[in-house]
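# Descriptive structure summary
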Amino acid sequence: FSAIGSVSFSCALNADEISVASSGAIMGLFGAKMSEFLMLMNFRTKKTMSDEYYTKQIILMLIVSAFVCNFTLFPFVSWAGHFGGFFCGFTIGMLLFSRKIKSSGDRKLWIGSGLVLTALLLMTIVSMLVEANPREELGDVCNYYEEVHLEGYDCYCLF
């Protein structure tokens, strides 16, 4: 799901650019883990570690996420893909890890929040993709790359 969110956000927010959003799927794993750590810290669960351990894990996760986000400084790497993957992973993580919450009221609150965020995310993705309007010259990928690479580029597209 995070890979779909990554590519969708990348296509919708960067419609005029050709980019790679594969690391957005990895950001989705970080987002899911972040939702698990936040859940373990804020609800009564079957904890195996202390709150201090989970706080350190959140800080480490933020540092690693910031490191991965630095890849967006390279050409053809999508910042929107990173954001979309992280957010999709976070919302799905809310649903997947909720079974660890002991209180049924808290579990319903966490699952309900995850469902609402997932629904909002899907509506946002669909509306952004409907509104996305890429430039026409992006339809010819070979021509686009020939303009970007000034010398010695040979296109072997099968289109």
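To start, this report covers the structure provided alongside it. Fair warning: this is a prediction, and the values are worked out from it, not measured in the lab. (Residues numbered from 1 in each chain as written. Predicted model: local features only at pLDDT ≥ 70, side-chain atom pairs only at ≥ 80, totals over all residues. Heavy atoms only, no water.)

## Description of the packing of helix H4 (residues 79-96) against helix H5 (residues 104-131)
Rules: Every axis in this analysis is a line fitted to C-alpha atoms, fitted for helices over the stretch in contact. Angles between the N-to-C directions lie between 0 and 180 degrees. Secondary structure counts use DSSP, requiring at least four H or I residues in a row for a helix and at least two E residues in a row for a strand, with both numbered from the N terminus. For classification purposes, an angle smaller than 35 degrees is called roughly parallel, one larger than 145 roughly antiparallel, one from 65 to 115 roughly perpendicular, and anything else oblique. Here a crossing is taken to be left-handed if its near helix is turned anticlockwise relative to the far helix by less than a right angle, and right-handed if that turn runs clockwise. Note on contacts: a residue pair is in contact if any heavy atoms of the two residues lie within 4.5 Å. In this count, Pro and Cys sit with the nonpolar residues alongside Ala, Val, Leu, Ile, Met, Phe, Trp and Tyr, while Asp, Glu, Lys and Arg are called charged and the others, Gly among them, polar.
Where H4 meets H5, the axes come as close as 8 Å, and the angle between the chain directions of the two elements is 150°. It follows from the interaxial angle that H4 and H5 lie roughly antiparallel. Viewed along their axes, H4 and H5 form a crossing whose handedness is left-handed. Between H4 and H5, the residues in contact are Phe87, Cys88, Thr91, Ile92, Met94 and Leu95 and Trp110, Ile111, Ser113, Gly114, Leu115, Leu117, Thr118, Leu121 and Ile125, respectively. Tallied by class, the residues present in the contact of H4 with H5 amount to eleven nonpolar, four polar and no charged.

## Some thoughts on the pattern of salt bridges
Let me state the cut-off plainly: Just to be clear on terms, a salt bridge is a Lys or Arg side-chain nitrogen sitting within 4 Å of an Asp or Glu carboxyl oxygen. Here the term buried applies to any residue with accessible area under 20% of the maximum for its type, exposed to any over 50%, and partly exposed to those in between, with areas from a 1.4 Å probe on protein chains only.
Counted according to the given criterion, the structure contains three salt bridges. Of the charged contacts, one joins Lys100 and Glu36 as a salt bridge, the two residues approaching to 2.5 Å between their closest N and O atoms. Placement of the pair is Lys100 in the loop between H4 and H5 and Glu36 in helix H2 (residues 23-42), with a sequence separation of 64 residues. For Glu36, a relative accessible area of 5% puts it in the buried group.

## Overview of the nonpolar core
To be explicit about the condition: The definition of a nonpolar core used throughout is a set of buried Ala, Val, Leu, Ile, Met, Phe, Trp, Tyr and Cys residues joined through side-chain atoms within 4.5 Å.
The biggest cluster of nonpolar side chains holds 15 residues, and the ones touching the most others in it are Met39 and Trp110. For this core, the secondary structure elements donating two or more residues are H2, helix H3 (51-69) and H4. Considering each element in turn, this core owes the most residues, six residues, to H2. Excluding residues within four positions of it along the chain, Trp110 makes contact with Ser35, Met39, Phe43, Met94, Ser98 and Ile101. The next biggest cluster of nonpolar side chains, apart from the first, holds seven residues, and it includes Phe9, Ala12, Leu121 and Ile125.

## Observations regarding the packing of aromatic side chains
Keep this limit in mind: Pairing of aromatic rings covers Phe, Tyr and Trp, the last counted by its six-membered ring, and requires centre-to-centre distances within 6.5 Å; plane angles under 30 degrees mean stacked, over 60 mean edge-to-face, and any other angle means tilted.
Scanning the model with the defined rule gives two aromatic pairs in all. Seen from their ring centres, Phe9 and Phe83 are 5.6 Å apart, and the 65° between their planes marks the pair as edge-to-face. Of the two residues, Phe9 sits in helix H1 (residues 2-13) while Phe83 sits in helix H4, which places them 74 residues apart along the sequence. Residue classification places Phe83 among the partly exposed positions, given a relative accessible area of 44%. Ring-pair connections join several aromatic residues into one group, and the members of that group are Phe9, Phe83 and Phe87.

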